[in-house]
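Reading the structure
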Amino acid sequence: QKLYDNFLSEAFISNDNPLRLQDEEYLINNIFDLVQDKKFLENLLLDSESVYLANNLQNGFIYQSIKSSKVDDAYIVQLMMNYHSPIIKELFKQSWECALEKFSSLRLRFSWNNDLLQIIDKHQDLDWRFIDLSILIDNQLSEEKKNEFYDNKLNEIQIKDRNEKFDLEKGQLI
């Protein structure tokens, strides 16, 4: 881990590297030259941690989102995690809030008023949803029936989640 951290600091943060990621002034000046609506960008920069032009992949899913009125899951990934130990709901939520605070890419949203922009908000609220299926099940059921119940409920949750249209302008990736 230490070797990896040293590599990152040498590769991206050292002063002699022309590709320094910490050089926000260069990036901000560069984006001002590229966007059409300078006043809109100035307002975005006041309320945001940073603003960048959207990349080609992002342009693709912005286009998909605008053109399709129905839910399109071309760019959606769903993860299911099965924990085999008790979860303390509040601590689990706090850990995701910490991740949201620490990793700016999780606070990403988009704008396409005049230019396709990716915006990193200074703060975003966590869209927290916690479903404990264990409280819904009858403990008198056989193991096979319990598994069938869990599979059906998880399938329902996944379908409902996939049918919810993601708002790219709002963000809340998690």
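What counts as what
- Residues numbered from 1 in each chain as written.
- Predicted model: local features only at pLDDT ≥ 70, side-chain atom pairs only at ≥ 80, totals over all residues.
- Heavy atoms only, no water.
- Core = buried A, V, L, I, M, F, W, Y, C linked by side-chain atoms within 4.5 Å.
- Buried < 20%, exposed > 50% of the residue type's maximum accessible area, 1.4 Å probe, protein only.
- Helix = DSSP H or I, 4+ residues; strand = E, 2+ residues; numbered from the N terminus.
- pLDDT = per-residue confidence, 0-100.
- Contact = heavy atoms within 4.5 Å.
- Patch = residues over 30% accessible without salt bridge, like charges linked within 9 Å, V, L, I, M, F, W, Y side chains within 5 Å.
- Areas by Shrake-Rupley, 256 points an atom, 1.4 Å probe, with all protein chains shown as cover.
- Salt bridge = Lys/Arg side-chain N within 4 Å of Asp/Glu carboxyl O.
- Pairing = 2+ DSSP bridges.
- Axes fitted to C-alpha atoms, helices over the stretch in contact; angles between N-to-C directions.

Another aspect to go through is the nonpolar core. Nonpolar side chains in soluble globular proteins generally cluster together in the buried interior. In terms of nonpolar packing, the biggest core is built from seven residues, these being Ala54, Phe61, Ile62, Leu108, Phe110, Ile120 and Leu168. Within the residue set of this core, elements represented by two or more residues are α4 (56-67) and β2 (108-111). Residues Leu41, Leu44, Leu117 and Ile119 belong to the second largest nonpolar core, which totals five residues.

Let us look at the confidence of the model for the chain. Per-residue pLDDT for the chain averages 77, and the proportion of residues at 70 or more is 75%. The element-level mean pLDDT for the chain is lowest in helix α1 (residues 2-13), coming to 46, with helix α5 (residues 89-102) highest at 93. Scored below 50 in pLDDT, residues 4-29 makes 17 contacts in the model with residues more than four places away or belonging to other chains.

The subject of this paragraph is the environment of Leu136. As for its position among the elements, Leu136 is in the loop between β3 (117-121) and α6 (143-162). The spatial distance from the C-alpha of Leu136 to the C-alpha of Phe149 is 9.4 Å, given a sequence separation of 13 residues.

Moving on, we get to a nonpolar patch on the surface. There is a patch of nonpolar side chains on the surface, built from Met81, Tyr83, Ile87 and Trp96 and spanning about 370 Å² of accessible area. Of note, Trp96 is situated in helix α5. The exposure class of Trp96 is partly exposed, given its relative accessible area of 30%.

Let us look at the pattern of salt bridges. All told, the structure shown has five salt bridges when counted by the stated rule. Among the ionic pairs, Glu49 bridges to Arg107, the shortest N-O distance being 2.5 Å. In this pair, Glu49 sits in strand β1 (residues 48-53) while Arg107 sits in the loop between α5 and β2, placing the two residues 58 residues apart along the sequence. Using a relative accessible area of 2% as the deciding quantity, one classes Arg107 as buried. Between Glu164 and Arg129 there is a salt bridge; the shortest N-O distance is 2.8 Å. One end of the pair, Glu164, is in the segment after α6; the other, Arg129, is in the loop between β3 and α6, and 35 residues separate them in sequence.

Next up on the list: the sheet that holds β2. One open sheet holds the three strands; their spatial order is β1-β3-β2, and the pairing between them is antiparallel. The open sheet has two free edges, formed respectively by β1 and β2, since each of these has just one partner strand. Taken over all neighbouring pairs, the strand axes of this sheet differ in orientation by 25 degrees on average, direction set aside. Against the sheet, helix α3 (residues 38-47) contacts β1, β2 and β3, and its axis sits at roughly 140 degrees relative to β1. Sitting on the sheet, α4 touches β1, β2 and β3, and the angle it makes with β2 is about 65 degrees.

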